[in-house]
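If you want the building blocks of each chain, they are given just below.
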Amino acid sequence: MSYLSLSCFNFRNIQNGTIDLSSREVYFVGENGQGKSNLLECLYYVAYGNSFRTHNDGELITAGEKETNFRAIYKDNRDHVSTVSVYLQDGKKKIEKNAKTIHDRKELVNTIPTVLFCHDDLDFASGSPERRRFFVDQSLSMYDNSYIDVSRQFKKILKTRNIILKEKKNSLIDVVDAQFVESAIEIMKRRKTTILSFNRVFTPLYAEISGIDNVKIDYVPSWKKETIDDAFNALVEKRTIDFQYGMSMSGPHRDNIKFMRNGCSFVPTASTGQRRLLSLLLRAAQAKFFTEISGKKPVLLMDDVLLELDPDKRAKFSNLLPEYDQLFCTFLPGEPYERYKKTTTRVYSLNQGTLSE
């Protein structure tokens, strides 16, 4: 899968028009605030139906305008040319694939498999457990979109259970808990299986780039019970606490995911550079893992992430990029992007949303 062109109308500060993307590598070069990340955001939105920078679609509309639309033309893995179009107006969103309306964002997953590298990925190393759960769930959903339904079902049951706990509706709790446990056990099983497989890609990759071996992801589920009956009984024992707090105090929404090395937690003693590299290589491993599972190569979006690596690690990482169908990178003007580009690489300069090749 690869993009052929991107057409934007009233998207942030990007000049209206069509951008030729028909190269395997495309670089966007410009000072901060000129629109480089906006272009990657637009490509990401086409792939997933939402932004990686905001939950408010209104922020995507050019200041002073009332609507935006953008369209990508791309080749699928059979070299068929297809389109995805997005229309945002008055708080409403419409997405079309080949002129047919998509009613669920799940239908977009695997249309243009995309892996994003950005500054906020540092949260996967240093942020909350919620961010690490997000990363694992995203990695799982990329190759198995049935997990999206599993996750949605669990969140729906969790919401219902929390209402029951808050309103002290004791008579309903048994029925909901049976559903809650069944859904939760399925999520736990899939997360555990995914993390075990993911480590076979991530651990050697991190060792090769950083020189630090045996770093792995450790899944620490909220429940130690792995069968439905055992988990249900354990949940019943904790009901008093759940009713006291008016919320579910255990379950997959409380799972923890840690980085370990030789039996010890790795992140607390890691340097800022090691944490940054950790987050960067998580994304590289995500792309490689997806290819090994699905047999497909993703599109890579890299938003100024090489800048924070020292020259030696930057060179190693560039030489060990995961396989991709297409690569988009953003650079500041002073960065040595000439070292990375190939004869076919398309390079755009960006100034106040206007592109020049």
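Residues numbered from 1 in each chain as written. Predicted model: local features only at pLDDT ≥ 70, side-chain atom pairs only at ≥ 80, totals over all residues. Heavy atoms only, no water.

A.B. asks: Honestly, the overall build of the protein chain in this entry has me stumped. Any pointers?
C.D. replies: What the protein chain contains, in helices and strands, is nine helices and 15 strands. On C-alpha atoms alone, the protein chain measures out to a radius of gyration of 22 Å, which is about the 21 Å that the 2.2 N^0.38 rule sets for 357 residues. On the principal axes, the C-alpha backbone points of the protein chain span a range of 65 × 50 × 40 Å. Considering the protein chain as a whole, with its 357 residues, one finds that 51% of them fall into the buried category. Residue pairs in contact within the protein chain that sit at least 24 positions apart in sequence constitute 70% of those at least 6 positions apart. (Helix = DSSP H or I, 4+ residues; strand = E, 2+ residues; numbered from the N terminus. Rg over C-alpha atoms; globule rule 2.2 N^0.38 Å. Buried < 20%, exposed > 50% of the residue type's maximum accessible area, 1.4 Å probe, protein only. Contact = heavy atoms within 4.5 Å.)

A.B. asks: How should the sheet that holds strand β15 (residues 354–356) be read in this particular structure?
C.D. replies: Across a sheet, paired strands are connected by hydrogen bonds in the backbone, their directions being either parallel or antiparallel. Strand order in the open sheet formed by six strands is β8-β12-β13-β3-β14-β15, and the pairing between neighbours is mixed. In the strand order of this sheet, the two ends are held by β8 (114–117) and β15, each with one partner. Along the sheet, successive strands turn relative to each other by an average axial angle of 20 degrees, direction set aside. Note that strand β3 (residues 25–29) and strand β14 (residues 346–351) share four bridges and pair parallel. Residue pairing across strands places V29 opposite S349, the latter belonging to β14. Taken strand by strand, helix α8 (residues 272–294) contacts β8 and β12 (299–303), and its axis lies near 170 degrees from that of β8. (Pairing = 2+ DSSP bridges. Axes fitted to C-alpha atoms, helices over the stretch in contact; angles between N-to-C directions.)

A.B. asks: Explain the sheet that holds strand β5 (residues 81–89) here, please?
C.D. replies: Strand order in the open sheet formed by six strands is β2-β1-β4-β5-β6-β7, with antiparallel pairing between adjacent strands. Because the sheet does not close on itself, it has two edges, and the strands there are β2 (17–20) and β7 (100–102). Across this sheet, the average inter-strand angle for adjacent strands is 20 degrees, counted without regard to direction. Inspection of the sheet shows β5 paired to strand β6 (residues 92–97) by six bridges, in the antiparallel sense. Following the sheet pairing, V84 is matched in β6 by K97. The strands touched by helix α1 (residues 36–48) are β1 (2–9), β2, β4 (67–75), β5 and β6; relative to β1, the strand with the most contacts, the crossing angle is about 110 degrees.

A.B. asks: It is not clear to me how the packing of helix α3 (residues 129–143) against α8 should be interpreted in this structure. Could you clarify?
C.D. replies: When two helices pack together, their arrangement is captured by the angle between the axes and the distance separating the axes. Contact geometry for α3 and α8: axes closest at 9 Å, N-to-C directions at 25 degrees. Classified by the angle their axes make, α3 and α8 are roughly parallel. The two elements α3 and α8 cross, and the hand of that crossing is right-handed. Along the contact surface, α3 presents F135, Q138, S139, M142 and Y143, while α8 presents L282, R283, Q286, F289, F290 and I293. (Parallel < 35°, antiparallel > 145°, perpendicular 65-115°, else oblique. Left-handed = near helix turned anticlockwise from the far one by under 90°.)

A.B. asks: It is not clear to me how unusual backbone geometry should be interpreted in this structure. Could you clarify?
C.D. replies: Negative phi is the rule for most residues except glycine; trans is the rule for most peptide bonds. Even without being a glycine, R12 presents a positive backbone phi close to 45 degrees. Considering the arrangement of structural elements, one finds R12 in the loop between β1 and β2. Although it is not a glycine, D304 sits at a positive phi angle of roughly 60 degrees.

A.B. asks: I'm lost on the packing of helix α5 (residues 173–210) against helix α6 (residues 228–237) in this one. Help?
C.D. replies: With their axes 9 Å apart at the nearest point, α5 and α6 run at an angle of 130 degrees to one another. Judged by the inter-axis angle, α5 sits oblique to α6. As α5 packs across α6, the resulting crossing turns out to be right-handed. Packed against α5, whose contacting residues are D174, D177, A178, F180, V181, E182 and I185, the element α6 presents I228, A231, F232 and L235 at the interface. Residue classes in the contact of α5 with α6 are distributed as eight nonpolar, no polar and three charged. (Nonpolar A, V, L, I, M, F, W, Y, C, P; charged D, E, K, R; others polar.)

A.B. asks: What exactly am I supposed to notice about a nonpolar patch on the surface here?
C.D. replies: On the surface, a cluster of nonpolar side chains totalling about 370 Å² of accessible area is made up of I241, Y245, M247 and M249. Mapping Y245 onto the fold places it in helix α7 (residues 239–245). (Patch = residues over 30% accessible without salt bridge, like charges linked within 9 Å, V, L, I, M, F, W, Y side chains within 5 Å. Areas by Shrake-Rupley, 256 points an atom, 1.4 Å probe, with all protein chains shown as cover. Salt bridge = Lys/Arg side-chain N within 4 Å of Asp/Glu carboxyl O.)

A.B. asks: How should the side chain of S183 be read in this particular structure?
C.D. replies: Take S183: it is sitting in helix α5. Dropping the residues within four chain positions of it, S183 is found in contact with V150, Q153, F154 and I157.

A.B. asks: Mind showing me how you'd approach the pairing of β3 here?
C.D. replies: Within a regular strand, side chains alternate between the sheet's two faces. With five of five residues buried, β3 is to be regarded as a mostly interior element. In β3, alternate side chains face the same way, and those of E25, Y27 and V29 on one face and V26 and F28 on the other are all buried. The sheet contact formed by β3 and strand β13 (residues 326–331) spans five bridges and is parallel. When the sheet's bridge partners are listed, E25 is paired in β13 with L327.

A.B. asks: Mind showing me how you'd approach the pairing of β6 here?
C.D. replies: What sits between the antiparallel neighbours β5 and β6 is a turn of two residues, in which D90 has the positive phi angle 55 degrees. Bridging between β6 and β7 involves three bridges; their strand directions are antiparallel. Within β7, the position partnered with K97 by the bridge is K100. With antiparallel pairing between neighbouring strands as the criterion, β6 and β7 make up a hairpin whose turn holds two residues, including N98 at a positive phi of roughly 55 degrees.

A.B. asks: Any chance you could explain α5 here in plain terms?
C.D. replies: At 3.6 residues per turn, the α-helix brings residues three or four places apart onto the same side. At N199, α5 shows its largest bend, some 35 degrees. Backbone geometry just after α5 places G211 at a positive phi near 85 degrees. (Bend = angle between axes of the 7 residues up to and from the residue.)

A.B. asks: Explain the nonpolar core to me, please; I cannot follow it from the model alone.
C.D. replies: The tendency in soluble globular proteins is for nonpolar side chains to be buried side by side. Judged by nonpolar contacts, the single largest core of 106 residues is most densely connected at Y3, F202 and F328. Ranked by residue count, the leading element in this core is α5, at 15 residues. (Core = buried A, V, L, I, M, F, W, Y, C linked by side-chain atoms within 4.5 Å.)

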